[in-house]
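Structure assessment
The lines below spell out each chain.
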Amino acid sequence: MIAGLFAAAVLLLLVVRYLAGILRLRSALRRVAHGELMRPLTLDLPPGLRAAQRDVEAIARQARDLDRAAHRERSELNAILASIPEGIFTVDRRLCLLQANRGVEAMFQLSGSPVGRTVVEAFGHAAMHRLVQLGLQGGKEHRGEITVEREGAARIFELSISPLELGSDHSGAVVVLHDITRIKSLEQVRREFVANVSHELRTPLTIICGYLETLTDGGLDDRPMAENALGVMFKHADRLGRLVDDLLVISRAESRSVPLEVERIDLSALLHHVVEQFDEPIRSQAATVRILAAGGDLTLEADAVRLEQVFINLLENALKYGNRPGLAVDLHLERSGPNIQVQVTDNGPGIPSGDQEHIFERFYRVHKDRSRETGGTGLGLSIVKNVIQAHSGNVSVRSAPGEGSTFTVVLPLLQSAPVAPAPWSAAKKTATEGTSGG
Ligand SMILES: Nc1ncnc2c1ncn2[C@@H]1O[C@H](COP(=O)(O)OP(=O)(O)O)[C@@H](O)[C@H]1O
Ligand SMILES: [Mg+2]
């Protein structure tokens, strides 16, 4: 009897242990299913359940490894997407955003993630909505452009919409946004440049052809008239030559295939050399041109030929536009930290403030007709800017109408390009301070 009771108690205990074990297995399986198993699973189960325990532990391990791999891949993908300057987002077929990188937020200056909202809600851009919809319906890559107002300026984005399979009955699209504002504006600049060049070349050519026609139509018999015609033709042919020269300088300055010929030069000596070339106009205008060099080392690494072009243009402008009694031009140069600064100051007519920001643009002239009359091409200052920028320097203007202008050129002492061993200035070196003209 007692033995029977004992056996029943042991059996009950065993059943309870197994039941408890099965419950623990079930709970462990549920945690695996819900992805809650971050730590290795340790179950202490009765011997008869050990095989099942090993299987559950193996499943848990695999689930954990898969989870880690997926997490790593997600992080990598997010890092890649975040580092791409292009905006990238995905939408489902209802045009609701599923994912978006930071580029999208930056492009549209969003204050938070647009995920979860529709294209219209997120960007408030009807044309963009239509484009994405067209891309979704088309089933193949679709491209288009949109314009977005940002900080009062228009930016142009190119959109590329490609179909995306999101499971058996779900489709969507991946949208890539590329900011093409700069490319578009360069295209515009190029178009305007070609139009400007054609116009500038056309004008003297038309005049020359007109006179040639008059001469061939009997004008040669009228000697005074013929001489006048030849004079005008000569002037315009000269202008054509200048234009072509300036255009060549510009194209060379802009071409990366023609590198700077960098050598060590004495800037003060170079300025003296420039001023000497204007001896005649300085004398005939009774102008005063001074080179004021602060003491110390004023040598720097630069392309001497191109730099000479810069100061020829600046001095030529100062003399040409300031042509009046008592004209004084100062070329003031001094070291300033890792740079040398040259200021070309004149007491000429000055430049109206509205024109100052444009005078470095190609073909820009404050008084187009007056500039043309004096042989100006409107390219001088754009050459100046180009050359200075090629030297990693900077040029700016300060001017008050009626009080004259100051052009400030800042040039770094050192260039990253290799430096020629022979110093340009060795043969031409003159005093570091002097006055020319008077
Ligand atoms: N020192 C200056 N004083 C007054 N106006 C100037 C001066 N330098 C440049 N400008 C103005 O800037 C314009 C652009 O100069 P530039 O590019 O050298 O062209 P260009 O001399 O061939 O007309 C000139 O047409 C002139 O109106
Ligand atoms: Mg000029």
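Chains are numbered independently. Their residues run from 1 in the order of the written sequence. Here chains are named by letter from A upward and ligands by number from 1 upward, in the order in which they appear as written. With pLDDT at 70 or above as the cut-off, local features in this predicted model cover only qualifying residues; side-chain atom pairs require 80 or more to be listed or tallied, and sums for whole chains, interfaces and linings still use all residues.

Some points on the overall build of the protein chain
To be explicit about the condition: What counts as a helix is a DSSP run of H or I of at least four residues, what counts as a strand is a run of E of at least two, and both are numbered from the N terminus.
Counting its regular elements, the protein chain contains 14 helices and 13 strands. Along the first, second and third principal axes, the C-alpha set of the protein chain runs to 150 × 60 × 40 Å.

Here we look at the site of ligand 1
As a reminder of what qualifies: We call a residue near a molecule or strand if the C-beta atom, set from the backbone, is within 6 Å of it. Polarity classes work like this: nonpolar for Ala, Val, Leu, Ile, Met, Phe, Trp, Tyr, Cys and Pro, charged for Asp, Glu, Lys and Arg, and polar for all others, with Gly in that last group.
Around ligand 1, a shell composed of 22 residues is seen, among which Arg365, Val366, Gly376, Gly380 and Leu381 lie nearest. It is helix α10 (residues 304-321) that provides the largest number of residues to the shell around ligand 1, a total of four residues. Looking at the shell around ligand 1 residue by residue, the classes come out as nine nonpolar, eleven polar and two charged.

Points about the environment of Glu149
As a reminder of what qualifies: As a rule, residues whose C-beta atom has 12 or fewer other C-beta atoms within 10 Å are exposed, those with 20 or more are buried, and those in between are partly exposed; C-beta atoms are placed from the backbone.
With respect to the helices and strands, the residue Glu149 is situated in strand β3 (residues 142-150). Take Glu149: there are 9 C-beta atoms within 10 Å of it, and that puts it in the exposed class. For the pair Glu149 and Tyr321, spaced 172 residues apart in the sequence, the C-alpha separation amounts to 40 Å.

Some words on the domain arrangement of the protein chain
What counts is decided by this rule: Where each domain begins and ends is defined by an automated method or by a domain database.
The assigned domain composition of the protein chain is domain 1 (2-79), domain 2 (84-179), domain 3 (184-258) and domain 4 (260-437). Summarising the inter-unit geometry, the C-alpha centres of domain 1 and domain 2 are found 45 Å apart.

A word on the packing of helix α8 (residues 267-276) against α10
Test applied: For helices, the axis comes from a line fit to the C-alpha atoms of the stretch in contact; other axes are also lines fit to C-alpha atoms, and the angle between any two N-to-C directions lies between 0 and 180 degrees. Roughly parallel here means an angle under 35 degrees, roughly antiparallel means over 145, roughly perpendicular means 65 to 115, and every remaining angle is called oblique. Crossing handedness is read from the near helix: turned anticlockwise from the far helix by less than a right angle, it gives a left-handed crossing, and turned clockwise, a right-handed one. Contact between two residues is assigned when their C-beta atoms, built from the backbone, lie within 7 Å.
Relative to each other, α8 and α10 sit at 50°, their axes nearing to 10 Å. Regarding the angle of α8 to α10, the classification is oblique. Judged by the sense of rotation from one axis to the other, the crossing of α8 with α10 is right-handed. Residue-level contacts link Leu270, Leu271, His273, Val274 and Val275 of α8 to Ala304, Leu307, Glu308, Phe311, Ile312 and Leu315 of α10. For the contact of α8 with α10, the residue count by class is nine nonpolar, one polar and one charged.

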